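Below are the chains, spelled out letter by letter.
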Amino acid sequence: MSDYDPDFEGAWDEYEWERFLQQQDRNTEKYLGLLEKYMDHPERDQIIAQEMGWSEWTATSPEALDEKVERYLEDNDEEEEDRSFEEFAQTPLYQDTLKLHDYINKLFKQHAAFEENPDAILLATSSAICGAKLAAALCDEDSTEIGMTIAYLKRGLKAAHDVMESGHRLEAKGLLTRRQLTTINRRVFRIRNAIIVLMGQYRAEWRKRHGSGDHA
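Everything numeric in this text was worked out from a predicted model, so none of it was measured. (Residues numbered from 1 in each chain as written. Predicted model: local features only at pLDDT ≥ 70, side-chain atom pairs only at ≥ 80, totals over all residues. Heavy atoms only, no water.)

Novice: Would you mind showing me how to read the overall build of the chain here?
Specialist: Broken down by element type, the chain carries 8 helices and 0 strands. Its helices and strands taken in sequence order, the chain reads α-α-α-α-α-α-α-α from the N to the C terminus. Relative to its 216 residues, the chain shows a buried fraction of 36%. Only carbon and sulfur atoms are counted for the fraction: they give 49% of the accessible area of the chain, which is about 13400 Å². (Helix = DSSP H or I, 4+ residues; strand = E, 2+ residues; numbered from the N terminus. Buried < 20%, exposed > 50% of the residue type's maximum accessible area, 1.4 Å probe, protein only. Areas by Shrake-Rupley, 256 points an atom, 1.4 Å probe, with all protein chains shown as cover.)

Novice: What is the right way to read the environment of R190 from this model?
Specialist: Residue placement: R190 occurs in helix 8 (residues 178-210). Judged by its relative accessible area of 51%, R190 falls in the exposed class. Remark: the alpha-carbon pair of R190 and D96, spanning 94 residues in sequence, is separated by 7.6 Å. At 3.2 Å, the side chain of R190 forms a polar contact with the side chain of D96. (Polar contact = N/O pair within 3.5 Å; in protein donor to acceptor, adjacent residues only side chain to side chain.)

Novice: Hey, could you run me through the pattern of salt bridges in this one?
Specialist: One side chain can pair with another of opposite charge once the charged atoms of both are near each other. Tallied over the entire structure, the rule returns 8 salt bridges. When the shortest N-O distance is used, the salt bridge between D119 and R169 registers 2.8 Å. With a gap of 50 residues between them, D119 in helix 6 (residues 118-138) and R169 in helix 7 (residues 146-172) connect regions that are remote in the sequence. We classify R169 as partly exposed; its relative accessible area is 32%. In this structure, D119 engages K173 in a salt bridge whose closest nitrogen and oxygen atoms are separated by 2.6 Å. In this pair, D119 is assigned in helix 6 and K173 in the loop between helix 7 and helix 8, connecting sequence segments 54 residues apart. (Salt bridge = Lys/Arg side-chain N within 4 Å of Asp/Glu carboxyl O.)

Novice: How should I be thinking about the packing of helix 1 (residues 14-37) against helix 7 in this particular structure?
Specialist: How two helices pack is summed up by the angle between their axes together with the distance between the axes. Taken N-terminus to C-terminus, the directions of helix 1 and helix 7 make an angle of 60 degrees; their axes are 8 Å apart at the nearest point. The interaxial crossing formed by helix 1 with helix 7 has right-handed handedness. Judged by residue contacts, E14, Y15, W17, E18, L21, Q22 and D25 of helix 1 engage G147, M148, I150, A151, Y152, K154 and R155 from helix 7. (Axes fitted to C-alpha atoms, helices over the stretch in contact; angles between N-to-C directions. Left-handed = near helix turned anticlockwise from the far one by under 90°. Contact = heavy atoms within 4.5 Å.)

Novice: Hey, could you run me through the nonpolar core in this one?
Specialist: Within soluble globular proteins, side chains that are nonpolar tend to cluster in buried spots. By size, the foremost hydrophobic cluster in this structure holds 38 residues, and its most contacted members are L134, L153 and I184. Of all the secondary structure elements, the ones that give two or more residues to this core are helix 1, helix 4 (78-89), helix 5 (92-110), helix 6, helix 7 and helix 8. Those residues in contact with I184, other than ones at most four positions away along the chain, are L100, Y103, L107, L123, V163 and L176. Ranked by size, the runner-up nonpolar core spans 5 residues in total, among them L34, Y38, I47 and I48. (Core = buried A, V, L, I, M, F, W, Y, C linked by side-chain atoms within 4.5 Å.)

Novice: So what exactly am I meant to see when it comes to helix 6 here?
Specialist: The α-helix advances 3.6 residues per turn, and as a result positions three or four apart in sequence lie on the same side. If you check helix 6, its first and last C-alpha atoms are 30 Å apart, about what 21 residues at 1.5 Å a residue would give, namely 30 Å. Along helix 6, the residues that are buried comprise D119, A120, L123, A124, S126, S127, C130, G131, L134, A135, A137 and L138. The N-capping residue of helix 6, defined by a side-chain oxygen 2.9 Å from the backbone nitrogen of D119, is N117. (Expected span 1.5 Å × (residues − 1).)

Novice: Please clarify how the packing of aromatic side chains should be interpreted in this entry.
Specialist: For any pair of aromatic rings, the description consists of the separation of the ring centres together with the inter-plane angle of the planes. Taken as a whole and judged by the stated rule, the model has 1 aromatic pair. When the ring of F108 is compared with that of F114, the centres are 5.3 Å apart and the planes differ by 75 degrees; the resulting orientation is edge-to-face. Each member of the pair, F108 together with F114, is buried. (Phe/Tyr/Trp six-rings, centres within 6.5 Å; stacked < 30°, edge-to-face > 60°.)

Novice: Sorry, what's going on with helix 8 here?
Specialist: Between its terminal C-alpha atoms helix 8 stretches 46 Å, which fits the 48 Å expected from 33 residues at 1.5 Å a residue. Backbone geometry just downstream of helix 8 places G211 in the positive-phi region, at approximately 90 degrees.

As structure tokens, this is what we get:
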């Protein structure tokens, strides 16, 4: 999959949004690496801005940079976002992700070995990621960015699959019982099936609005 095209005009489909999200992932990774590298440097913010290509911030003082960030945060309607999330949090799908994550947290309390086991850590982080991606996809039902919604649903689906795969590896190592794995899989199947249904509905809506062609 090639990089997204920032100059593409028109509605982005799920593939264009996925390319954009992948680019954002790379930017985030780069930013965190720079932050760690220059954490104690007196001109940290300017160096990071220059390395990240934020040309409009490279000559900005740290104080002014902080003000820019504060203004950006203030410009976002946090109250509206909170209301959208509260509505989404009541849906059966999100409640299923919470039940899955709560069950996995109980397993961590029962098995001390989980704290240092990579598969157990992946099990927990993937279940959390699944809920987060679904929230990103579905919090704003009035959004016209159907492609973005589908792209986040796909990421939620991948996280659900990661939960199942890590669960199977833990069961193979004797760290999960067959009954515990069955409980995890049963919860994941409910989530996965709901995601697949939603993806079909949103893709149908995309075709209704934009036709069968896509920008891939």
